[in-house]
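Summary of structural features
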Amino acid sequence: MLRLPILCPVLLAACAAAEKAPDGGDLHARQEATCTATIAAHVGRPQIEVTSHWLSETGGIAKVEAIDGSRRHLCDVDASGRVLGYSHPDA
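In this report, the structure presented in the accompanying data block is examined. What you see is a predicted model, and the numbers here were worked out from it, not measured in a lab. (Residues numbered from 1 in each chain as written. Predicted model: local features only at pLDDT ≥ 70, side-chain atom pairs only at ≥ 80, totals over all residues. Heavy atoms only, no water.)

**Here's the deal with the overall build of the protein**
Looking only at helices and strands, one finds two helices and four strands in the protein. Traced from its N-terminal end to its C-terminal end, the protein shows the element sequence α-α-β-β-β-β. In the protein, which comprises 91 residues, the proportion classed as buried is 23%. Of the roughly 6000 Å² of accessible surface on the protein, a fraction of 62% belongs to carbon and sulfur atoms. (Helix = DSSP H or I, 4+ residues; strand = E, 2+ residues; numbered from the N terminus. Buried < 20%, exposed > 50% of the residue type's maximum accessible area, 1.4 Å probe, protein only. Areas by Shrake-Rupley, 256 points an atom, 1.4 Å probe, with all protein chains shown as cover.)

**Here's the deal with the environment of Cys 35**
Tracing the sequence through the fold places Cys 35 in helix α2 (residues 25-43). Sequence separation between Cys 35 and Tyr 86 is 51 residues; the distance between their C-alpha atoms is 8.6 Å. Those residues in contact with Cys 35, other than ones at most four positions away along the chain, are Ser 52, Val 64, Ala 66, Cys 75, Val 77 and Val 83. (Contact = heavy atoms within 4.5 Å.)

So this is what it looks like as structure tokens:
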């Protein structure tokens, strides 16, 4: 019983450290996934047909590129993984 209270804070600290990875890996993956889901719903295609790539971050807002077929979309995604908007730069 004594181990459980000690273990919980340790696990929580590990999770927080993983979320704040220096390379942003976990956060970038969440932002890409959210952009993929948003664009798939926007174009009416399955998520498997949309490919997203994290491009950059400025002021806490990530720019994520999503491709469905030959169409390109850019999502603005915040740190909580919420898509703030998207555009069609090649239109």
